[in-house]
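# Close look at the chain arrangement
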Amino acid sequence: MYDIAVIGDRDSVYAFAALGLHVMPAQDKEEALSLLSRLDLTKYAVVYITEQLASQLENELRQYTESPVPAIIPIPGILGNTGIGMESVKLAVERAVGSDIIGAN
């Protein structure tokens, strides 16, 4: 059975621990990159990462785009929504159905 991890600043991710998710606090790009490189990819099906960190790790996260697991999902952090998560979903849907069915922002 797969687990779910959440990577981001402490204030944004610790509430997910109450849901039973594996919380991995990272304050900056280097910490997040270190956590990602040490992830056991056979253990996690989904890795949520705050949009602030995801924007800093865009090139590094691209390698996970084509693999079925883990799914890397950007989520808003405590600092708010940057739109990266929605753009990621839009591109995934467009790739899956061959057309932009979500529309422009």
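These figures come from a predicted structure and were not determined experimentally. (Residues numbered from 1 in each chain as written. Predicted model: local features only at pLDDT ≥ 70, side-chain atom pairs only at ≥ 80, totals over all residues. Heavy atoms only, no water.)

## A closer look at the pattern of salt bridges
Summed over the entire model, instances satisfying the criterion amount to 2 salt bridges. Of the charged contacts, one joins Lys43 and Asp3 as a salt bridge, the two residues approaching to 3.9 Å between their closest N and O atoms. Linking Lys43 in the loop between α2 (29-38) and β3 (44-50) with Asp3 in strand β1 (residues 3-8), this pair joins segments that are 40 residues apart in sequence. Judged by relative accessible area, Asp3 falls into the partly exposed class, the value being 33%. Here Glu58 makes a salt bridge to Arg62, at a shortest N to O gap of 3.4 Å. (Salt bridge = Lys/Arg side-chain N within 4 Å of Asp/Glu carboxyl O. Helix = DSSP H or I, 4+ residues; strand = E, 2+ residues; numbered from the N terminus. Buried < 20%, exposed > 50% of the residue type's maximum accessible area, 1.4 Å probe, protein only.)

## Concerning the environment of Glu60
Secondary-structure assignment places Glu60 in helix α4 (residues 58-61). Distance in space between the C-alpha atoms of Glu60 and Ser37 is 9.8 Å, their sequence separation being 23 residues. If sequence neighbours within four positions are ignored, Glu60 has contacts with Lys29 and Leu33. (Contact = heavy atoms within 4.5 Å.)

## Here's the deal with the side chain of Thr50
Turning to its location among the elements, Thr50 is positioned in strand β3. Residue class for Thr50 comes out buried when judged on its relative accessible area of 2%.

## A closer look at a nonpolar patch on the surface
Residues Met86, Val89, Val97, Ile101 and Ile102 make up a contiguous nonpolar surface patch of roughly 440 Å² in combined accessible area. Locating Val97 in the fold gives a position in helix α5 (residues 84-97). (Patch = residues over 30% accessible without salt bridge, like charges linked within 9 Å, V, L, I, M, F, W, Y side chains within 5 Å. Areas by Shrake-Rupley, 256 points an atom, 1.4 Å probe, with all protein chains shown as cover.)

## Focus: the nonpolar core
Membership of the largest hydrophobic core comes to 17 residues, with the highest contact counts inside it found for Ile7, Leu36, Val47, Ile49, Leu61 and Ile72. When residues of this core are traced back to their parent elements, those giving at least two are β1, α2, β3 and α3 (51-56). Judged by nonpolar contacts, the second largest core, of 5 residues, contains Val6, Val13, Leu21 and Ile75. (Core = buried A, V, L, I, M, F, W, Y, C linked by side-chain atoms within 4.5 Å.)

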